[in-house]
Amino acid sequence: MKASPAQARTVEAGLPAEAEEVAFDIKNFSLWYGQRQALQDVTIRIPAKKVTAIIGPSGCGKSTFLRALNRMHELTPGTRLEGSLRHFGEDLYGPGVEAVAIRRRVGMVFQKSNPFPTMSIAENVLVGLRLNGVRDKRVLQSRLEESLHMAALWDEVKDVLNRPGTSLSGGQQQRLCIARSLAVQPETLLMDEPCSALDPLATAKIEELIQTLRERYTVVIVTHNMQQAARCSDRTAFFYLGRLIEFGNTRNIFTSPSNPQTEAYVSGRFG
């Protein structure tokens, strides 16, 4: 399904103003898994130090798009792409640009919390720093406390840092994974359905954390939960069948969308 000129104008209208700092500048981006095209001609500018929600029905390309932002999709054989994807001006797929370096700048939090089972709480947070050669104990201790504070977890674990990360509750484990991502000091944090496996109380804590993180980081979150997108995000992008259908201020997307497909989805008529 190809977007009409009216749809294209709607998408362009949602882009940040030129004066607004842009974290991701994406132009005509398409991605294939083998013969199957997962993303089609996506053009979007995601603003810095804002929360952008990615919504859409299952199979529409949300998670594929998110993984493309830190080259996680390269772990899947047969992937190819076209178009331009820049992060704070750097071509993420440019010659000589290493995926490992990109993933330090663009952190990822997955749908299911994944603390390393053989590591303590402290070791889970610091593993990325150690892998990057940080050995100074003062630096490690400072980053440990800072990251756990930012993940709103320090007060809950400061006296049990040597316990296994898997000893924590599900919501605490997810915040531990967020702390692990923050410890390497990324510029952007990607979250793929971070609350889908959590109870309402743990979900509320993650949502509060997202509000705090926007002060220092660009946050991009994929969610099936329309209420969560409305509560947490500044901007919302609606994907359908691998295309970006509409992008704009979250309030406008949910109260007065320009595209009838967006209206049908956010009102619950399909998806």
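In the block above lies the structure referred to throughout.
All values derive from a computational prediction rather than experimental measurement.

What counts as what
- Residues numbered from 1 in each chain as written.
- Predicted model: local features only at pLDDT ≥ 70, side-chain atom pairs only at ≥ 80, totals over all residues.
- Heavy atoms only, no water.
- Pairing = 2+ DSSP bridges.
- Helix = DSSP H or I, 4+ residues; strand = E, 2+ residues; numbered from the N terminus.
- Axes fitted to C-alpha atoms, helices over the stretch in contact; angles between N-to-C directions.
- Salt bridge = Lys/Arg side-chain N within 4 Å of Asp/Glu carboxyl O.
- Buried < 20%, exposed > 50% of the residue type's maximum accessible area, 1.4 Å probe, protein only.
- Core = buried A, V, L, I, M, F, W, Y, C linked by side-chain atoms within 4.5 Å.
- Contact = heavy atoms within 4.5 Å.
- Disulfide = S-S within 2.5 Å.

Undergrad: Can you walk me through the sheet that holds strand S9 (residues 235–240) in this structure?
TA: The strands that make up a sheet pair up through hydrogen bonds in the backbone, lying either parallel or antiparallel. Overall, mixed pairing links the six strands, which are arranged S6-S7-S8-S3-S9-S10 in an open sheet. The open sheet is flanked by strand S6 (106–109) and strand S10 (243–249), the only strands paired with a single partner. Each strand of the sheet is rotated relative to its neighbour by a mean of 20°, with strand direction disregarded. Across four bridges, the pairing between strand S3 (residues 51–55) and S9 is parallel. Following the sheet pairing, alanine 53 is matched in S9 by threonine 236.

Undergrad: How do you make sense of the pattern of salt bridges when you look at a structure like this?
TA: Oppositely charged side chains can form a pair if their charged atoms are brought close together. Scanning all chains against the criterion turns up nine salt bridges. Between arginine 105 and glutamate 90 there is a salt bridge whose closest N-O contact spans 2.1 Å. On the criterion of sequence distance, the pair formed by arginine 105 in helix H3 (residues 99–105) and glutamate 90 in strand S5 (residues 90–91) is long-range, its members being 15 residues apart. Given the relative accessible area of 29%, glutamate 90 is considered partly exposed. We note a salt bridge from arginine 216 to glutamate 146, for which the minimum N-O separation is 3.5 Å. Taken as a pair, arginine 216 in the loop between helix H8 (200–213) and strand S8 (218–222) and glutamate 146 in helix H5 (residues 137–150) lie far apart in primary sequence, 70 residues in all. For arginine 216, a relative accessible area of 46% translates into the label partly exposed. Given a relative accessible area of 27%, glutamate 146 falls into the partly exposed group. Each member of the salt-bridge network shares a partner with another, and the members are Glu90, Arg105 and Glu187.

Undergrad: Is there a simple way to explain the nonpolar core in this structure?
TA: Note on soluble globular proteins: their nonpolar side chains tend to be buried together. Counting 44 residues, the largest nonpolar core has Val125, Leu148, Val157, Leu161, Ile178, Met191 and Leu213 as its most contacted members. Sequence-distant contacts of valine 125, defined by excluding residues within four places in its chain, comprise Leu144, Ser147, Leu148, Leu176, Ala179, Arg180 and Ala183. In this structure, Phe24, Ile44, Ala68 and Leu69 belong to the second largest nonpolar core, which totals 31 residues.

Undergrad: Could you clarify how one ought to interpret the state of the cysteines in this entry?
TA: Here a disulfide denotes one covalent bond, and it connects the sulfur atoms of two cysteines. All told, the structure shown has zero disulfides when counted by the stated rule. With no disulfide of its own, cysteine 60 lies 18 Å from the sulfur of cysteine 195, the closest cysteine sulfur. In this structure cysteine 60 comes out as buried when scored by relative accessible area, which is 2%. Cysteine 195 takes part in no disulfide bond, and the closest cysteine sulfur, belonging to cysteine 232, lies 7.2 Å away. Residue classification places cysteine 195 among the buried residues on the basis of a relative accessible area of 7%.

Just geometry here; none of it tells us what the structure is for.
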